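Here's the letter readout for the chains.
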Amino acid sequence: MEPNQNTAGAPGASAAGQNMAATPVQSATAAPVKGDASESLPKDNMMAAPTKEKKKSGSGMVIGLILCLLLAAGGIGFGVWMMMDGNTQKDALNQQISALKKQNNELQKKISNLDVSSDVDSADYIYVGEWGYKIKIPENLKYVSYRYTIGETKIGSGLFVESLAVVGVSGSDTMLEFANRWENTSGLGHVSRYPLGTDPCTVTTTCNFGLLVFSDDNYDYYYIGPQAYFSTDEAEKEIEIKSRDAIEKMLENKESYSTI
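Summary of the structure given here. (Residues numbered from 1 in each chain as written. Predicted model: local features only at pLDDT ≥ 70, side-chain atom pairs only at ≥ 80, totals over all residues. Heavy atoms only, no water.)

**Quick notes on the overall build of the protein**
- Within the protein, the secondary structure is distributed over four helices and eight strands.
- Expressed as a percentage of its 260 residues, the buried residues of the protein come to 22%.
- Contacts spanning at least 24 positions in sequence make up 55% of the contacts within the protein whose residues lie at least 6 apart.
- As presented, the protein carries roughly 18,400 Å² of accessible surface, and 58% of it is formed by carbon and sulfur atoms. (Helix = DSSP H or I, 4+ residues; strand = E, 2+ residues; numbered from the N terminus. Buried < 20%, exposed > 50% of the residue type's maximum accessible area, 1.4 Å probe, protein only. Contact = heavy atoms within 4.5 Å. Areas by Shrake-Rupley, 256 points an atom, 1.4 Å probe, with all protein chains shown as cover.)

Here you go:
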């Protein structure tokens, strides 16, 4: 058979070839077979995703509510504890105050019932422990006390003087402001002591220590009166003058001083 005789079959072969070329197109567009994973996967994914998100959202809300409840309960508990703790502290403080008042009353009773001799009775003497002396208080002088100070007499002198600023009330049974040693710091009369034989002109600007009252083995003791009145009320000023006179007589009299 001659080759050109097979030419008649070419169209059939061409049709078969066309059918074979079309087969992949048909398989690509064909519906999937039942039971195939490619058919069920999209359906499962579309249904499963919303379900998981709802579960997560619901769990978050529950946890959030539980935390809010716990915080609220904790806040209420803390407030109650603070209130109870504050009341406890208040009660304890009131108990301490009551105990201190009781102790103070007991001490006051002991002091008032204390029996001491006139040699150590603070109502009869001013006790100056820094000097080792006591000063007899006259009967007409009450509420007697003093301030002890020490300071340089003159800048650059190198000499330090010790002084007593004495206050008290004479002519009245009432404690008046001029007799308060913390208010009237200059006092109603002064006693100062200097090293024995000190020359006033070398340590002061006035060359005057006041009135020499007495001397011991180491010191000279001088009295000097106040420079101004403390009281502004005329009635109180009259009592202050009487009190000054009583203090001056006490401090200028060397017989008023004795060793402790």
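The structure having been displayed, the exposition proceeds.
**Examining the nonpolar core**
- In this structure, I126, I135, V166, M250, L251 and Y257 are the most contacted members of the largest nonpolar core, which totals 27 residues.
- Taken together, the elements giving at least two residues each to this core come down to strand 1 (125-128), strand 2 (133-136), strand 4 (160-169), strand 6 (211-215), strand 7 (219-224) and helix 4 (234-252).
- In terms of residues, this core owes the most to one element, helix 4, which gives five residues.
- In contact with I126, other than residues within four places in its own chain, are Y133, K134, I135, I137, V144, Y146, V166 and M250. (Core = buried A, V, L, I, M, F, W, Y, C linked by side-chain atoms within 4.5 Å.)

**Notes on the packing of aromatic side chains**
- Counting across every chain of the model gives nine aromatic pairs.
- Considering the side-chain rings of Y133 and Y221, the 5.6 Å spacing of their centres and the 75° angle between planes classify their relative orientation as edge-to-face. With Y133 in strand 2 and Y221 in strand 7, this pair connects stretches of sequence that are 88 residues apart. By the burial criterion, Y133 is buried, and Y221 matches it.
- Aromatic ring contacts, followed pair by pair, group W131, Y133, F214, Y221 and Y257 into a single cluster.
- The cationic tip of K134 hangs over the ring face of Y125; the distance from NZ or CZ to the ring centre is 4.5 Å.
- Over the ring of Y125 we find K136, and its NZ or CZ is 5.7 Å from the ring centre. (Phe/Tyr/Trp six-rings, centres within 6.5 Å; stacked < 30°, edge-to-face > 60°. Lys NZ or Arg CZ within 6 Å of the ring centre and 35° of its normal.)

**Observations concerning the sheet that holds strand 2**
- Strand order in the open sheet formed by three strands is 1-2-8, and the pairing between neighbours is antiparallel. Lying at the two open borders of the sheet, with one neighbouring strand each, are strand 1 and strand 8 (257-259). If you compare each strand with its neighbour and ignore which way they point, the axes differ by 25° on average.
- The sheet contact formed by strand 1 and strand 2 spans four bridges and is antiparallel. Each bridged residue has a counterpart across the sheet, and for Y125 the counterpart in strand 2 is K136.
- Packing against the sheet, helix 4 makes contact with strand 1, strand 2 and strand 8, and its axis sits at approximately 135° to strand 2. (Pairing = 2+ DSSP bridges. Axes fitted to C-alpha atoms, helices over the stretch in contact; angles between N-to-C directions.)

**Here's the deal with unusual backbone geometry**
- Backbone geometry places Y143, a non-glycine residue, at a positive phi of 55°.
- Here Y143 lies in strand 3 (residues 142-152).
- Judged by its relative accessible area of 38%, Y143 falls in the partly exposed class.

**Structural notes on helix 4**
- Taking 1.5 Å per residue as the helical rise, helix 4 with its 19 residues ought to reach 27 Å, and the 27 Å between its terminal C-alpha atoms agrees with that figure.
- The backbone nitrogen of A235 has a side-chain oxygen 3.1 Å away, supplied by the residue at the start of helix 4, namely D233. (Expected span 1.5 Å × (residues − 1). Polar contact = N/O pair within 3.5 Å; in protein donor to acceptor, adjacent residues only side chain to side chain.)

**With respect to the pairing of strand 5 (residues 189-195)**
- Most of strand 5 sits out of view: six of its seven residues are buried.
- Summarising the sheet, strand 4 and strand 5 pair through five bridges and their orientation is antiparallel. Its bridge partner being in strand 5, S163 is matched across the sheet by S192.
- Where strand 5 lies against strand 7, six bridges are found, and the strand directions are antiparallel. Considered in strand 7, the bridge of P195 is made with Y219.

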